[in-house]
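This is what each chain is made of:
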Amino acid sequence: MGGRTARTGVKDEKKAAKGMWSFDSQFQVTNTLCIKGSTIHSFPVSDFGIFNQSVGFRIEDAATLSGNAVFNSAKASGQAVSPDCNHIGTLDKTPTSFAINRSATQVESRLPLEKVQQTNLVSISSGYTENWGESNMADASPKTDISTDADTDEKSQRSDRGKLNAVVASDSSDRSKGSLDQKTLRRLAQNREAARKSRLRKKAYVQQLESSRLKLTQLEQELQRARQQGIFISSAGDQSHAMGGNGAMAFDVEYARWLEEQNRLINELRTGVNSHAGDAELRIIVDSVLVHYDEIFRLKSNAAKADVFHLLSGMWKTPAERCFLWLGGFRSSELLKLLVSQLEPLTEQQLVGISNLQQSSQQAEDALSQGMEALQQSLSETLSTGSLGSSGSSGNVANYMGQMAMAMGKLGTLEGFIRQADNLRQQTLQQMHRILTTRQSARALLAIHDYFSRLRALSSLWLARPRE
Amino acid sequence: MDRVRDLASKKAAVIFTKSSCCMCYSIKTLFYELGASPAIHELDHDPSGRDMEWALRGLGCDPSVPAVFIGGRFVGSAKDVISLHVDGSLKQMLMDAKAIWF
(Lines give C-alpha, C1' and ligand atoms only; values in the text may rest on other atoms or scores of the structure.)
Protein backbone atom coordinates (compact mmCIF):
# COMPACT_ATOMS: atom_id res chain seq x y z
CA MET A 1 0.00 0.00 0.00
CA GLY A 2 1.11 3.45 -0.41
CA GLY A 3 4.03 4.57 -2.41
CA ARG A 4 5.94 1.77 -3.79
CA THR A 5 8.12 3.88 -5.90
CA ALA A 6 11.37 5.48 -5.08
CA ARG A 7 9.85 8.85 -5.36
CA THR A 8 7.65 8.72 -2.34
CA GLY A 9 9.48 9.46 0.83
CA VAL A 10 9.23 7.42 3.93
CA LYS A 11 7.14 10.03 5.59
CA ASP A 12 4.65 9.95 2.84
CA GLU A 13 4.52 6.27 2.94
CA LYS A 14 3.83 6.22 6.59
CA LYS A 15 1.02 8.61 6.11
CA ALA A 16 -0.13 6.55 3.28
CA ALA A 17 0.03 3.46 5.39
CA LYS A 18 -2.15 5.07 7.94
CA GLY A 19 -4.60 6.31 5.51
CA MET A 20 -4.64 3.82 2.78
CA TRP A 21 -6.46 0.68 2.79
CA SER A 22 -4.89 -2.44 1.62
CA PHE A 23 -6.83 -5.34 0.47
CA ASP A 24 -6.56 -9.00 0.66
CA SER A 25 -5.73 -10.33 -2.71
CA GLN A 26 -7.82 -13.34 -2.23
CA PHE A 27 -10.84 -11.25 -2.15
CA GLN A 28 -13.22 -12.22 -4.87
CA VAL A 29 -15.13 -10.11 -7.24
CA THR A 30 -18.30 -11.64 -6.04
CA ASN A 31 -17.59 -10.40 -2.61
CA THR A 32 -17.40 -6.87 -3.71
CA LEU A 33 -20.65 -7.24 -5.43
CA CYS A 34 -22.10 -8.64 -2.31
CA ILE A 35 -20.66 -5.86 -0.34
CA LYS A 36 -22.08 -3.47 -2.71
CA GLY A 37 -25.32 -5.14 -2.57
CA SER A 38 -25.57 -5.52 1.10
CA THR A 39 -23.69 -2.77 2.62
CA ILE A 40 -22.46 0.07 0.60
CA HIS A 41 -25.83 1.17 -0.42
CA SER A 42 -26.74 1.27 3.12
CA PHE A 43 -24.24 3.93 3.90
CA PRO A 44 -25.68 7.29 4.33
CA VAL A 45 -24.57 9.42 1.49
CA SER A 46 -23.20 12.09 3.67
CA ASP A 47 -20.98 9.79 5.56
CA PHE A 48 -19.75 8.38 2.44
CA GLY A 49 -19.09 11.75 1.06
CA ILE A 50 -17.08 12.80 4.05
CA PHE A 51 -15.17 9.69 3.83
CA ASN A 52 -14.51 10.33 0.23
CA GLN A 53 -13.23 13.78 0.59
CA SER A 54 -11.18 13.38 3.62
CA VAL A 55 -9.53 10.17 2.74
CA GLY A 56 -9.37 10.64 -0.93
CA PHE A 57 -10.12 7.05 -1.20
CA ARG A 58 -13.31 5.48 -2.30
CA ILE A 59 -15.07 2.63 -0.79
CA GLU A 60 -15.93 1.53 -4.22
CA ASP A 61 -12.30 1.69 -5.03
CA ALA A 62 -11.71 -0.67 -2.24
CA ALA A 63 -14.43 -2.85 -3.45
CA THR A 64 -13.41 -2.54 -7.04
CA LEU A 65 -9.98 -3.76 -6.47
CA SER A 66 -11.53 -7.11 -6.39
CA GLY A 67 -10.37 -7.87 -3.02
CA ASN A 68 -6.97 -6.52 -3.61
CA ALA A 69 -5.72 -6.14 -0.17
CA VAL A 70 -6.27 -6.41 3.44
CA PHE A 71 -8.00 -3.70 5.30
CA ASN A 72 -5.17 -2.22 7.08
CA SER A 73 -7.08 0.13 9.21
CA ALA A 74 -6.75 -2.22 12.05
CA LYS A 75 -3.05 -1.84 11.91
CA ALA A 76 -3.26 1.84 11.32
CA SER A 77 -5.66 2.69 14.03
CA GLY A 78 -5.14 -0.15 16.33
CA GLN A 79 -8.64 -1.41 15.95
CA ALA A 80 -9.44 -4.97 15.28
CA VAL A 81 -10.90 -5.75 11.98
CA SER A 82 -13.40 -8.42 12.37
CA PRO A 83 -13.43 -10.86 9.60
CA ASP A 84 -17.12 -11.19 9.45
CA CYS A 85 -17.08 -12.54 6.03
CA ASN A 86 -20.23 -14.43 6.07
CA HIS A 87 -22.06 -11.25 5.58
CA ILE A 88 -19.98 -10.48 2.67
CA GLY A 89 -20.75 -13.53 0.73
CA THR A 90 -18.18 -15.91 -0.59
CA LEU A 91 -14.98 -14.59 0.87
CA ASP A 92 -13.17 -17.83 0.48
CA LYS A 93 -9.60 -17.16 1.30
CA THR A 94 -8.09 -14.87 3.83
CA PRO A 95 -11.07 -13.59 5.61
CA THR A 96 -9.15 -11.54 8.02
CA SER A 97 -9.74 -8.22 6.54
CA PHE A 98 -12.63 -6.97 4.70
CA ALA A 99 -15.29 -5.73 6.96
CA ILE A 100 -17.21 -3.33 4.86
CA ASN A 101 -20.34 -5.04 5.85
CA ARG A 102 -20.02 -3.13 9.03
CA SER A 103 -22.00 -0.08 9.27
CA ALA A 104 -20.86 3.24 8.15
CA THR A 105 -20.03 4.04 11.70
CA GLN A 106 -17.27 1.60 11.70
CA VAL A 107 -15.94 3.14 8.62
CA GLU A 108 -16.15 6.50 10.16
CA SER A 109 -14.35 5.36 13.21
CA ARG A 110 -11.45 4.70 11.08
CA LEU A 111 -11.25 8.24 10.04
CA PRO A 112 -7.82 8.87 11.31
CA LEU A 113 -7.63 8.16 7.66
CA GLU A 114 -8.70 11.65 6.94
CA LYS A 115 -5.21 12.66 7.59
CA VAL A 116 -4.33 11.34 4.23
CA GLN A 117 -4.00 14.09 1.77
CA GLN A 118 -5.33 14.09 -1.63
CA THR A 119 -2.00 15.12 -2.93
CA ASN A 120 -0.38 12.30 -1.20
CA LEU A 121 -2.62 9.96 -2.97
CA VAL A 122 -1.90 11.53 -6.24
CA SER A 123 1.79 11.44 -5.80
CA ILE A 124 1.62 7.87 -4.80
CA SER A 125 -0.54 6.82 -7.63
CA SER A 126 1.29 8.73 -10.26
CA GLY A 127 4.53 7.33 -9.16
CA TYR A 128 3.29 3.86 -9.10
CA THR A 129 4.64 1.51 -11.64
CA GLU A 130 3.25 -1.74 -12.65
CA ASN A 131 5.78 -4.42 -12.20
CA TRP A 132 6.29 -7.63 -10.38
CA GLY A 133 9.92 -7.23 -9.59
CA GLU A 134 11.25 -8.70 -6.41
CA SER A 135 12.51 -5.36 -5.26
CA ASN A 136 9.07 -3.98 -5.47
CA MET A 137 7.62 -6.68 -3.38
CA ALA A 138 10.42 -6.40 -0.94
CA ASP A 139 9.81 -2.71 -0.70
CA ALA A 140 6.20 -3.12 -0.12
CA SER A 141 5.85 -5.32 2.87
CA PRO A 142 8.28 -3.94 5.40
CA LYS A 143 7.52 -0.34 4.75
CA THR A 144 3.85 -0.37 4.78
CA ASP A 145 3.13 -3.38 6.83
CA ILE A 146 0.43 -4.43 4.58
CA SER A 147 -1.02 -7.77 4.14
CA THR A 148 0.26 -10.76 5.92
CA ASP A 149 -0.52 -12.53 2.77
CA ALA A 150 2.52 -12.54 0.60
CA ASP A 151 0.58 -13.14 -2.49
CA THR A 152 2.15 -11.37 -5.37
CA ASP A 153 -1.17 -10.94 -6.95
CA GLU A 154 -1.72 -8.34 -4.35
CA LYS A 155 1.20 -6.35 -5.59
CA SER A 156 0.18 -6.49 -9.17
CA GLN A 157 -3.21 -5.44 -8.28
CA ARG A 158 -1.76 -2.64 -6.33
CA SER A 159 -0.41 -1.42 -9.57
CA ASP A 160 -3.81 -1.40 -10.95
CA ARG A 161 -4.93 0.45 -7.93
CA GLY A 162 -2.26 2.93 -8.74
CA LYS A 163 -3.77 3.50 -12.11
CA LEU A 164 -7.16 3.44 -10.59
CA ASN A 165 -6.23 6.00 -8.01
CA ALA A 166 -4.89 8.24 -10.67
CA VAL A 167 -8.18 8.06 -12.41
CA VAL A 168 -10.05 8.52 -9.23
CA ALA A 169 -7.92 11.30 -7.90
CA SER A 170 -8.34 13.40 -10.96
CA ASP A 171 -11.98 12.71 -10.86
CA SER A 172 -12.61 13.32 -7.25
CA SER A 173 -13.21 16.96 -7.55
CA ASP A 174 -16.11 16.74 -9.90
CA ARG A 175 -17.63 13.69 -8.40
CA SER A 176 -21.04 14.07 -7.01
CA LYS A 177 -21.92 12.70 -3.72
CA GLY A 178 -24.39 10.21 -5.06
CA SER A 179 -21.56 8.14 -6.24
CA LEU A 180 -22.87 4.70 -6.85
CA ASP A 181 -24.30 5.52 -10.19
CA GLN A 182 -23.58 4.15 -13.59
CA LYS A 183 -20.28 5.91 -13.85
CA THR A 184 -19.09 4.29 -10.71
CA LEU A 185 -20.30 0.95 -11.74
CA ARG A 186 -18.53 1.23 -15.02
CA ARG A 187 -15.37 2.28 -13.35
CA LEU A 188 -15.62 -0.56 -10.94
CA ALA A 189 -15.97 -2.92 -13.81
CA GLN A 190 -13.05 -1.39 -15.64
CA ASN A 191 -10.87 -1.67 -12.62
CA ARG A 192 -11.82 -5.24 -12.09
CA GLU A 193 -11.01 -5.92 -15.67
CA ALA A 194 -7.66 -4.19 -15.42
CA ALA A 195 -6.80 -6.13 -12.34
CA ARG A 196 -7.77 -9.37 -13.97
CA LYS A 197 -5.68 -8.64 -17.02
CA SER A 198 -2.77 -7.76 -14.87
CA ARG A 199 -3.03 -11.02 -13.04
CA LEU A 200 -3.17 -12.95 -16.28
CA ARG A 201 -0.15 -11.17 -17.68
CA LYS A 202 1.80 -11.92 -14.61
CA LYS A 203 0.79 -15.52 -14.73
CA ALA A 204 1.90 -15.76 -18.34
CA TYR A 205 5.21 -14.16 -17.52
CA VAL A 206 5.89 -16.50 -14.66
CA GLN A 207 5.02 -19.48 -16.78
CA GLN A 208 7.37 -18.29 -19.45
CA LEU A 209 10.15 -17.97 -16.89
CA GLU A 210 9.49 -21.45 -15.60
CA SER A 211 9.55 -23.04 -19.00
CA SER A 212 12.73 -21.20 -19.91
CA ARG A 213 14.35 -22.46 -16.78
CA LEU A 214 13.29 -25.97 -17.58
CA LYS A 215 14.63 -25.67 -21.07
CA LEU A 216 17.93 -24.40 -19.77
CA THR A 217 18.28 -27.37 -17.48
CA GLN A 218 17.49 -29.73 -20.32
CA LEU A 219 20.04 -28.11 -22.58
CA GLU A 220 22.66 -28.35 -19.91
CA GLN A 221 21.95 -32.02 -19.50
CA GLU A 222 22.16 -32.63 -23.21
CA LEU A 223 25.44 -30.83 -23.36
CA GLN A 224 26.79 -32.92 -20.55
CA ARG A 225 25.65 -36.09 -22.24
CA ALA A 226 27.16 -35.07 -25.54
CA ARG A 227 30.46 -34.28 -23.86
CA GLN A 228 30.46 -37.66 -22.25
CA GLN A 229 30.06 -39.28 -25.59
CA GLY A 230 33.32 -37.72 -26.57
CA ILE A 231 31.92 -35.11 -28.85
CA PHE A 232 34.28 -32.23 -28.74
CA ILE A 233 32.27 -29.20 -27.88
CA SER A 234 34.46 -26.18 -27.97
CA SER A 235 33.01 -23.21 -26.22
CA ALA A 236 35.28 -20.89 -28.15
CA GLY A 237 34.35 -22.60 -31.36
CA ASP A 238 37.99 -23.14 -32.20
CA GLN A 239 37.98 -26.40 -34.06
CA SER A 240 41.61 -26.27 -35.07
CA HIS A 241 42.71 -27.27 -31.61
CA ALA A 242 40.22 -30.06 -31.48
CA MET A 243 42.64 -32.90 -32.13
CA GLY A 244 45.33 -31.72 -29.75
CA GLY A 245 43.21 -31.35 -26.71
CA ASN A 246 40.91 -34.11 -27.66
CA GLY A 247 43.14 -36.98 -26.64
CA ALA A 248 43.43 -35.84 -23.06
CA MET A 249 39.88 -34.67 -22.75
CA ALA A 250 38.44 -37.69 -24.47
CA PHE A 251 40.29 -39.91 -22.04
CA ASP A 252 39.10 -37.89 -19.07
CA VAL A 253 35.57 -38.35 -20.24
CA GLU A 254 36.07 -42.05 -20.82
CA TYR A 255 37.65 -42.43 -17.43
CA ALA A 256 34.74 -40.66 -15.75
CA ARG A 257 32.36 -43.00 -17.45
CA TRP A 258 34.52 -45.96 -16.46
CA LEU A 259 34.41 -44.85 -12.84
CA GLU A 260 30.64 -44.64 -12.90
CA GLU A 261 30.39 -48.14 -14.27
CA GLN A 262 32.96 -49.33 -11.76
CA ASN A 263 30.87 -47.91 -8.93
CA ARG A 264 27.88 -49.74 -10.22
CA LEU A 265 29.71 -53.05 -10.50
CA ILE A 266 31.27 -52.69 -7.09
CA ASN A 267 27.89 -51.99 -5.55
CA GLU A 268 26.60 -55.12 -7.17
CA LEU A 269 29.56 -57.00 -5.75
CA ARG A 270 29.02 -55.53 -2.31
CA THR A 271 25.40 -56.55 -2.35
CA GLY A 272 26.43 -60.04 -3.33
CA VAL A 273 29.01 -60.32 -0.58
CA ASN A 274 26.73 -58.87 2.09
CA SER A 275 23.86 -61.08 1.13
CA HIS A 276 26.12 -64.14 1.29
CA ALA A 277 25.46 -65.02 -2.29
CA GLY A 278 26.65 -68.32 -3.65
CA ASP A 279 30.11 -68.80 -5.11
CA ALA A 280 28.86 -69.20 -8.64
CA GLU A 281 26.97 -65.94 -8.50
CA LEU A 282 29.89 -64.13 -6.88
CA ARG A 283 32.29 -65.45 -9.48
CA ILE A 284 30.22 -63.94 -12.25
CA ILE A 285 30.32 -60.52 -10.64
CA VAL A 286 34.01 -60.79 -9.75
CA ASP A 287 34.82 -61.75 -13.32
CA SER A 288 32.86 -58.81 -14.63
CA VAL A 289 34.80 -56.46 -12.35
CA LEU A 290 38.09 -57.88 -13.59
CA VAL A 291 36.96 -57.57 -17.18
CA HIS A 292 36.07 -53.99 -16.41
CA TYR A 293 39.60 -53.41 -15.13
CA ASP A 294 40.86 -54.76 -18.45
CA GLU A 295 38.76 -52.07 -20.05
CA ILE A 296 40.50 -49.20 -18.28
CA PHE A 297 43.89 -50.60 -19.22
CA ARG A 298 42.77 -50.75 -22.80
CA LEU A 299 41.55 -47.16 -22.63
CA LYS A 300 44.83 -46.09 -21.10
CA SER A 301 46.73 -47.86 -23.84
CA ASN A 302 44.86 -45.88 -26.46
CA ALA A 303 45.30 -42.69 -24.51
CA ALA A 304 49.04 -43.32 -24.22
CA LYS A 305 49.23 -43.28 -28.01
CA ALA A 306 47.33 -40.00 -28.18
CA ASP A 307 48.84 -38.14 -25.24
CA VAL A 308 51.33 -40.00 -23.08
CA PHE A 309 52.17 -36.93 -21.03
CA HIS A 310 48.59 -36.48 -19.95
CA LEU A 311 48.62 -39.98 -18.50
CA LEU A 312 52.00 -39.49 -16.91
CA SER A 313 50.91 -36.22 -15.36
CA GLY A 314 48.10 -37.92 -13.51
CA MET A 315 45.87 -34.93 -14.09
CA TRP A 316 43.07 -37.34 -14.89
CA LYS A 317 43.21 -38.51 -11.27
CA THR A 318 42.28 -36.59 -8.16
CA PRO A 319 45.04 -34.78 -6.20
CA ALA A 320 45.37 -37.30 -3.40
CA GLU A 321 45.61 -40.15 -5.88
CA ARG A 322 48.22 -38.21 -7.78
CA CYS A 323 50.30 -38.20 -4.64
CA PHE A 324 50.85 -41.93 -5.08
CA LEU A 325 51.25 -41.81 -8.83
CA TRP A 326 53.75 -44.19 -10.35
CA LEU A 327 54.18 -44.33 -14.11
CA GLY A 328 50.66 -43.09 -14.75
CA GLY A 329 48.85 -45.24 -12.20
CA PHE A 330 48.88 -47.03 -8.89
CA ARG A 331 51.65 -49.25 -7.49
CA SER A 332 50.54 -52.87 -7.41
CA SER A 333 52.99 -53.77 -4.65
CA GLU A 334 51.57 -51.09 -2.35
CA LEU A 335 48.06 -52.28 -3.05
CA LEU A 336 48.96 -55.83 -2.11
CA LYS A 337 50.53 -54.66 1.13
CA LEU A 338 47.23 -52.99 2.03
CA LEU A 339 45.22 -56.05 1.13
CA VAL A 340 47.09 -58.72 3.05
CA SER A 341 45.79 -57.62 6.42
CA GLN A 342 42.23 -57.39 5.14
CA LEU A 343 42.21 -60.74 3.42
CA GLU A 344 42.92 -62.88 6.46
CA PRO A 345 42.45 -65.66 7.08
CA LEU A 346 44.68 -67.01 4.32
CA THR A 347 45.98 -70.52 3.91
CA GLU A 348 49.71 -71.15 4.09
CA GLN A 349 49.83 -71.60 0.36
CA GLN A 350 47.89 -68.40 -0.21
CA LEU A 351 50.16 -66.47 2.10
CA VAL A 352 53.18 -67.68 0.19
CA GLY A 353 51.52 -66.88 -3.10
CA ILE A 354 50.55 -63.37 -2.08
CA SER A 355 53.95 -62.74 -0.62
CA ASN A 356 55.65 -63.89 -3.80
CA LEU A 357 53.30 -61.78 -5.85
CA GLN A 358 54.13 -58.76 -3.77
CA GLN A 359 57.82 -59.36 -4.25
CA SER A 360 57.50 -59.94 -7.98
CA SER A 361 55.50 -56.79 -8.57
CA GLN A 362 57.97 -54.86 -6.45
CA GLN A 363 60.86 -56.16 -8.56
CA ALA A 364 59.11 -55.37 -11.80
CA GLU A 365 58.26 -51.88 -10.56
CA ASP A 366 61.89 -51.31 -9.64
CA ALA A 367 63.03 -52.51 -13.02
CA LEU A 368 60.64 -50.22 -14.84
CA SER A 369 61.55 -47.29 -12.60
CA GLN A 370 65.22 -47.77 -13.36
CA GLY A 371 64.46 -47.97 -17.04
CA MET A 372 62.62 -44.65 -16.75
CA GLU A 373 65.57 -43.11 -14.96
CA ALA A 374 67.84 -44.34 -17.71
CA LEU A 375 65.53 -42.74 -20.23
CA GLN A 376 65.57 -39.41 -18.43
CA GLN A 377 69.33 -39.48 -18.18
CA SER A 378 69.68 -40.35 -21.83
CA LEU A 379 67.28 -37.59 -22.82
CA SER A 380 69.11 -34.91 -20.85
CA GLU A 381 72.41 -36.09 -22.29
CA THR A 382 70.99 -35.86 -25.79
CA LEU A 383 69.74 -32.34 -25.23
CA SER A 384 72.78 -31.08 -23.42
CA THR A 385 75.52 -32.32 -25.73
CA GLY A 386 76.50 -30.11 -28.56
CA SER A 387 78.94 -27.38 -29.16
CA LEU A 388 78.32 -24.14 -27.43
CA GLY A 389 80.54 -22.31 -29.85
CA SER A 390 79.18 -20.51 -32.84
CA SER A 391 81.68 -21.81 -35.34
CA GLY A 392 80.64 -24.12 -38.12
CA SER A 393 77.03 -23.07 -38.25
CA SER A 394 75.92 -25.75 -40.64
CA GLY A 395 77.49 -28.38 -38.46
CA ASN A 396 75.71 -26.98 -35.47
CA VAL A 397 72.40 -27.03 -37.20
CA ALA A 398 72.95 -30.59 -38.26
CA ASN A 399 73.92 -31.43 -34.70
CA TYR A 400 70.90 -29.69 -33.34
CA MET A 401 68.57 -31.45 -35.69
CA GLY A 402 70.25 -34.74 -34.99
CA GLN A 403 69.89 -34.22 -31.30
CA MET A 404 66.26 -33.31 -31.65
CA ALA A 405 65.62 -36.37 -33.74
CA MET A 406 67.23 -38.57 -31.13
CA ALA A 407 65.34 -36.86 -28.33
CA MET A 408 62.11 -37.37 -30.24
CA GLY A 409 62.89 -41.06 -30.51
CA LYS A 410 63.49 -41.33 -26.79
CA LEU A 411 60.28 -39.55 -25.97
CA GLY A 412 58.51 -42.07 -28.11
CA THR A 413 59.58 -44.86 -25.79
CA LEU A 414 57.62 -43.32 -22.92
CA GLU A 415 54.51 -44.90 -24.31
CA GLY A 416 56.15 -48.28 -23.94
CA PHE A 417 56.87 -47.68 -20.29
CA ILE A 418 53.30 -46.69 -19.51
CA ARG A 419 52.09 -49.72 -21.35
CA GLN A 420 54.35 -52.04 -19.38
CA ALA A 421 53.38 -50.37 -16.11
CA ASP A 422 49.72 -50.97 -16.89
CA ASN A 423 50.55 -54.50 -17.99
CA LEU A 424 52.13 -55.05 -14.59
CA ARG A 425 49.02 -53.75 -12.84
CA GLN A 426 46.76 -55.91 -14.90
CA GLN A 427 48.85 -59.05 -14.40
CA THR A 428 49.05 -58.45 -10.66
CA LEU A 429 45.26 -58.24 -10.39
CA GLN A 430 44.87 -61.42 -12.41
CA GLN A 431 47.42 -63.32 -10.37
CA MET A 432 45.83 -62.15 -7.12
CA HIS A 433 42.51 -63.48 -8.37
CA ARG A 434 44.13 -66.83 -9.13
CA ILE A 435 45.60 -67.18 -5.68
CA LEU A 436 42.47 -66.22 -3.76
CA THR A 437 39.11 -67.90 -3.50
CA THR A 438 36.13 -66.28 -5.15
CA ARG A 439 34.91 -64.78 -1.91
CA GLN A 440 38.38 -63.55 -1.02
CA SER A 441 38.74 -62.00 -4.45
CA ALA A 442 35.42 -60.27 -3.99
CA ARG A 443 36.52 -58.80 -0.69
CA ALA A 444 39.86 -57.81 -2.18
CA LEU A 445 38.20 -55.97 -5.05
CA LEU A 446 35.88 -54.22 -2.61
CA ALA A 447 38.82 -53.23 -0.44
CA ILE A 448 40.74 -51.86 -3.42
CA HIS A 449 37.76 -49.85 -4.56
CA ASP A 450 37.06 -48.51 -1.10
CA TYR A 451 40.66 -47.44 -0.73
CA PHE A 452 40.62 -45.44 -3.93
CA SER A 453 37.19 -44.04 -3.13
CA ARG A 454 38.54 -42.72 0.13
CA LEU A 455 41.49 -41.18 -1.67
CA ARG A 456 39.08 -39.47 -4.03
CA ALA A 457 36.91 -38.29 -1.16
CA LEU A 458 40.02 -36.97 0.55
CA SER A 459 40.81 -35.03 -2.59
CA SER A 460 37.37 -33.48 -2.58
CA LEU A 461 37.72 -32.45 1.02
CA TRP A 462 41.12 -31.06 0.33
CA LEU A 463 39.94 -29.03 -2.60
CA ALA A 464 37.03 -27.68 -0.60
CA ARG A 465 39.00 -26.83 2.51
CA PRO A 466 38.56 -23.28 3.86
CA ARG A 467 41.56 -21.12 3.23
CA GLU A 468 42.53 -17.95 5.02
CA MET B 1 68.17 -66.28 -37.78
CA ASP B 2 70.98 -68.72 -37.45
CA ARG B 3 73.06 -66.21 -35.63
CA VAL B 4 70.20 -65.50 -33.30
CA ARG B 5 69.69 -69.19 -32.56
CA ASP B 6 73.38 -69.68 -32.23
CA LEU B 7 73.80 -66.91 -29.72
CA ALA B 8 70.64 -67.87 -27.86
CA SER B 9 71.88 -71.37 -27.19
CA LYS B 10 75.20 -70.28 -25.82
CA LYS B 11 73.90 -69.29 -22.40
CA ALA B 12 70.96 -70.10 -20.16
CA ALA B 13 69.65 -66.56 -20.33
CA VAL B 14 70.20 -64.41 -23.42
CA ILE B 15 68.78 -60.98 -24.12
CA PHE B 16 69.04 -59.14 -27.42
CA THR B 17 69.01 -55.39 -26.93
CA LYS B 18 69.93 -52.06 -28.44
CA SER B 19 72.20 -49.68 -26.58
CA SER B 20 69.70 -46.84 -26.86
CA CYS B 21 66.71 -48.90 -25.68
CA CYS B 22 65.68 -48.07 -22.14
CA MET B 23 63.09 -50.81 -21.90
CA CYS B 24 65.93 -53.22 -22.55
CA TYR B 25 67.64 -51.60 -19.61
CA SER B 26 64.60 -52.38 -17.46
CA ILE B 27 64.53 -56.04 -18.44
CA LYS B 28 68.24 -56.37 -17.85
CA THR B 29 67.76 -54.85 -14.40
CA LEU B 30 65.02 -57.35 -13.65
CA PHE B 31 67.23 -60.28 -14.56
CA TYR B 32 70.06 -58.96 -12.45
CA GLU B 33 67.66 -58.52 -9.57
CA LEU B 34 66.66 -62.16 -9.91
CA GLY B 35 70.25 -63.16 -9.69
CA ALA B 36 70.63 -64.18 -13.28
CA SER B 37 73.54 -63.04 -15.42
CA PRO B 38 72.14 -63.04 -18.92
CA ALA B 39 74.27 -62.68 -22.05
CA ILE B 40 73.53 -59.30 -23.61
CA HIS B 41 73.84 -58.80 -27.36
CA GLU B 42 73.40 -55.29 -28.66
CA LEU B 43 72.07 -55.41 -32.19
CA ASP B 44 73.22 -51.89 -33.02
CA HIS B 45 76.77 -52.95 -32.27
CA ASP B 46 76.60 -56.18 -34.24
CA PRO B 47 77.51 -56.31 -37.93
CA SER B 48 74.54 -58.48 -38.77
CA GLY B 49 72.33 -56.56 -36.43
CA ARG B 50 69.74 -55.69 -38.99
CA ASP B 51 69.28 -59.27 -40.10
CA MET B 52 69.00 -60.36 -36.51
CA GLU B 53 66.38 -57.75 -35.86
CA TRP B 54 64.45 -58.96 -38.83
CA ALA B 55 64.72 -62.51 -37.58
CA LEU B 56 63.49 -61.54 -34.15
CA ARG B 57 60.51 -59.80 -35.62
CA GLY B 58 59.85 -62.97 -37.53
CA LEU B 59 59.62 -64.80 -34.22
CA GLY B 60 56.82 -62.45 -33.26
CA CYS B 61 58.85 -60.13 -31.08
CA ASP B 62 57.35 -56.66 -31.16
CA PRO B 63 59.16 -54.42 -30.52
CA SER B 64 62.13 -56.41 -31.71
CA VAL B 65 64.08 -55.57 -28.58
CA PRO B 66 64.33 -56.63 -25.86
CA ALA B 67 64.13 -60.22 -27.02
CA VAL B 68 64.59 -62.81 -24.28
CA PHE B 69 65.71 -66.42 -24.63
CA ILE B 70 65.86 -68.82 -21.74
CA GLY B 71 67.39 -72.24 -22.19
CA GLY B 72 67.69 -71.53 -25.90
CA ARG B 73 63.97 -71.01 -26.25
CA PHE B 74 62.35 -67.76 -27.24
CA VAL B 75 60.40 -66.34 -24.30
CA GLY B 76 59.21 -63.02 -25.65
CA SER B 77 59.48 -59.27 -25.36
CA ALA B 78 59.16 -57.01 -22.31
CA LYS B 79 55.44 -57.58 -21.98
CA ASP B 80 55.79 -61.36 -21.92
CA VAL B 81 58.69 -61.25 -19.48
CA ILE B 82 56.76 -59.08 -17.03
CA SER B 83 53.67 -61.26 -17.28
CA LEU B 84 55.71 -64.38 -16.68
CA HIS B 85 57.49 -62.76 -13.80
CA VAL B 86 54.24 -61.78 -12.07
CA ASP B 87 52.80 -65.27 -12.16
CA GLY B 88 56.06 -66.80 -11.02
CA SER B 89 56.85 -68.63 -14.26
CA LEU B 90 59.92 -66.61 -15.10
CA LYS B 91 61.74 -67.61 -11.97
CA GLN B 92 60.83 -71.21 -12.57
CA MET B 93 62.09 -71.11 -16.15
CA LEU B 94 65.34 -69.57 -15.01
CA MET B 95 65.75 -72.23 -12.39
CA ASP B 96 64.96 -74.95 -14.88
CA ALA B 97 67.55 -73.57 -17.25
CA LYS B 98 69.96 -73.30 -14.38
CA ALA B 99 70.31 -69.59 -14.88
CA ILE B 100 69.55 -69.19 -11.18
CA TRP B 101 69.49 -71.61 -8.29
CA PHE B 102 67.02 -70.12 -5.88
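Residues numbered from 1 in each chain as written. Chains lettered and ligands numbered in written order. Predicted model: local features only at pLDDT ≥ 70, side-chain atom pairs only at ≥ 80, totals over all residues. Heavy atoms only, no water.

A. Region of interest: the confidence of the model for chain A. Residue and element names in this part refer to chain A. Mean pLDDT over chain A works out to 71, with 56% of the residues at or above the 70 mark. Mean pLDDT values over the elements of chain A span from 40, in helix H2 (residues 29-38), up to 96, in helix H17 (residues 414-435). Here residues 1-153 is modelled with pLDDT under 50, and outside its nearest four sequence neighbours on either side it reaches 295 contacts, counting other chains as well. Scored below 50 in pLDDT, residues 236-244 makes four contacts in the model with residues more than four places away or belonging to other chains. (pLDDT = per-residue confidence, 0-100. Helix = DSSP H or I, 4+ residues; strand = E, 2+ residues; numbered from the N terminus. Contact = heavy atoms within 4.5 Å.)

B. Region of interest: the interface of chain A and chain B. Across the boundary between the two partners, chain A contributes 22 residues, which contact 17 residues of chain B. When the buried area of chain A at its contact with chain B is split by residue, Gln363(A), Ala367(A) and Gln420(A) rank highest and sum to 27% of it. Taken together, the links from chain A to chain B amount to zero salt bridges. In this assembly, chain A and chain B are joined by five residue pairs in polar contact (both at pLDDT 80 or more). Listing elements by their share of the side of chain A that touches chain B, those giving two or more residues are helix H15 (348-384) and H17 of chain A. Its residues assigned to classes, the side of chain A that touches chain B shows eight nonpolar, 11 polar and three charged. (Buried area = accessible area lost by both parts, 1.4 Å probe. Salt bridge = Lys/Arg side-chain N within 4 Å of Asp/Glu carboxyl O. Polar contact = N/O pair within 3.5 Å; in protein donor to acceptor, adjacent residues only side chain to side chain. Nonpolar A, V, L, I, M, F, W, Y, C, P; charged D, E, K, R; others polar.)

C. Focus on the sheet that holds strand S4 (residues 73-76) of chain B. All names here are of chain B. A sheet is described by the order of its strands in space; here four strands give the open sequence S2-S1-S3-S4, paired in mixed fashion. The open sheet terminates on both sides in strands that have one partner only, identified here as strand S2 (39-42) and S4. Here the strands of the sheet are splayed against their neighbours by 25 degrees on average, with no regard to which way each runs. Bridge count between strand S1 (residues 13-17) and S2: four bridges; the pairing is parallel. Looking at S2, one finds that Ile15 is bridged to Ile40. (Pairing = 2+ DSSP bridges. Axes fitted to C-alpha atoms, helices over the stretch in contact; angles between N-to-C directions.)

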